[in-house]
Amino acid sequence: MNPAKRRTVIAGNWKMNFTPAQAKEFIKNVTPLVAGKDNCDIIFCAPYVTIAAAMEAAEGTNIKIGAENVHFAPKGAYTGEVSAEMLRAIGVEYVIVGHSERRQYFAETDETVNLRTKAALAAGMKVILCLGEVKEERLAGITDEVVGMQTKLDLAGITAEELKNVIIAYEPVWAIGTGLTATPEQAQETCAVIRKVVAGLYGEEVAEGVTIQYGGSMNDANAAELLAKPDVDGGLIGGASLVPEKFAAIVEAAQ
Ligand code: PGA
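Residues numbered from 1 in each chain as written. Predicted model: local features only at pLDDT ≥ 70, side-chain atom pairs only at ≥ 80, totals over all residues. Heavy atoms only, no water.

A.B. asks: Just checking my understanding: could you explain the site of the ligand for this structure?
C.D. replies: Close to the ligand lie 13 residues, the nearest being K15, H99, E171, G177 and S217. Within the backbone of S217, a nitrogen or oxygen atom sits 2.7 Å from an oxygen atom of the ligand. Contact between the ligand and G239: an oxygen atom at 2.9 Å from a main-chain N or O atom of the residue. Bound to the protein, the ligand loses 95% of the 280 Å² it would expose on its own. The residue inventory of the shell around the ligand, partitioned by class, reads 4 nonpolar, 7 polar and 2 charged. (Near = heavy atom within 4 Å. Polar contact = N/O pair within 3.5 Å; in protein donor to acceptor, adjacent residues only side chain to side chain. Areas by Shrake-Rupley, 256 points an atom, 1.4 Å probe, with all protein chains shown as cover. Nonpolar A, V, L, I, M, F, W, Y, C, P; charged D, E, K, R; others polar.)

Structure (structure tokens):
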């Protein structure tokens, strides 16, 4: 983290978990554990049908509720999708785009990730843009090239002004939901590579202001050493974001 230069963001990604009632219960339980922890932004990204209930429960707290995806078209024949305008209409400020599960299971590409990012930004939302290498790419020694290419393609056409509303989440795919965490050194190294690529696109000063999270089996036990690294500005947390005490411990590590 480098709080002098950029905001630390601890975000939960609930994925396909929690009914509206379960989300309310979760928010009720986690609220006292993270109250007053103002050295980071705290966000939970929820399934579409759960967002409104979670927002209601989080009203008046330091917790914000986001979405897990958004479509790029303003409206139309896209069965099952939700537009940026729809999310804005219910007060959603944050949205995850490009999660590796979307890329893996739902055929999203850097091109659609870029389009979704642009649509969310145009609607005035803040985007948590996910990218990261798969295991074969890390083993082949091409992690830097892969994340560099994703960064360039996913941010294509996005202005420096718009970039202020983009958080990048570096998520090595081999670490997601596997219990395998990148070492703090690996996380630092690749987050720094991403920042360097951003600097190449937008200049050093802009790049220094961008929040770059790490995600992939971050939990209460490993968060402190990951967050101690200068280019790891927070976390995107799956499994551990479903357990109030575990998530609160990560928030504590960011204080
Ligand atoms: P995990 O998920 O913490 O369960 O590995 C992280 C993510 O997918 O964002």
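A.B. asks: When you look at the nonpolar core in this model, what are you seeing that I'm missing?
C.D. replies: Generally speaking, soluble globular proteins have nonpolar side chains that are buried together. Ranked by internal contacts, the top residues of the largest apolar core, which has 66 residues, are F44 and I65. By residue number, the principal contributor to this core is helix α9 (residues 184–202), which donates 7 residues. Among all residues touching I65, those that are not within four sequence positions of it are I27, F44, A46, I51, A54, M55, A58, V92 and E93. Membership of the second largest hydrophobic core comes to 11 residues, among which are V9, I43, C45 and I167. (Core = buried A, V, L, I, M, F, W, Y, C linked by side-chain atoms within 4.5 Å. Buried < 20%, exposed > 50% of the residue type's maximum accessible area, 1.4 Å probe, protein only. Helix = DSSP H or I, 4+ residues; strand = E, 2+ residues; numbered from the N terminus. Contact = heavy atoms within 4.5 Å.)

A.B. asks: Just to check I follow, could you spell out helix α1 (residues 20–34) for this structure?
C.D. replies: Every α-helical turn comprises 3.6 residues, leaving residues that sit three or four positions apart pointing alike. Over its 15 residues, α1 runs 21 Å from end to end, which matches the ideal 21 Å to within 8%, given 1.5 Å per residue. Those residues of α1 that sit buried are A23, F26, I27, V30, T31 and V34. (Expected span 1.5 Å × (residues − 1).)

A.B. asks: Please explain the pairing of strand β2 (residues 41–46) as it appears in this structure.
C.D. replies: Most of β2 is tucked away: 6 of the 6 residues are buried. Here β2 shows two buried faces, one formed by D41, I43 and C45 and the other by I42, F44 and A46. Pairing between strand β1 (residues 9–13) and β2: 5 bridges, direction parallel. Note that in β2 the partner of A11 across the bridge is I43. A crossover connection joins β1 to the parallel β2 through α1; in handedness this β-α-β unit is right-handed. At this point the chain moves from β2, through helix α2 (residues 48–58), to the parallel strand β3 (residues 63–67), and the crossover so formed is right-handed. (Pairing = 2+ DSSP bridges. Right-handed = clockwise from strand over helix to strand, strands pointing away.)

A.B. asks: Quick question: what am I supposed to make of the pattern of salt bridges here?
C.D. replies: Two side chains bearing opposite charge may form a pair once their charged atoms approach each other closely. Overall, the coordinates contain 20 salt bridges when judged by the stated rule. We note a salt bridge from K28 to E25, for which the minimum N-O separation is 3.5 Å. One end of the pair is K28 and the other is E25, both in helix α1 and 3 residues apart, which spans about a single turn. Here E93 ties to K126 by a salt bridge, and the two come within 2.9 Å at their closest N and O atoms. Pair noted here: E93 is in the loop between α3 (84–89) and β4 (94–97) and K126 is in strand β5 (residues 126–131), with a separation of 33 residues, a long-range link. Overall, the relative accessible area of 24% leaves E93 in the partly exposed class. Shared partners join several salt bridges into a network, and the residues in it are K5, R6, R195, E208, D231 and D233. (Salt bridge = Lys/Arg side-chain N within 4 Å of Asp/Glu carboxyl O.)

By themselves, these are just geometric observations and shouldn't be taken as functional.
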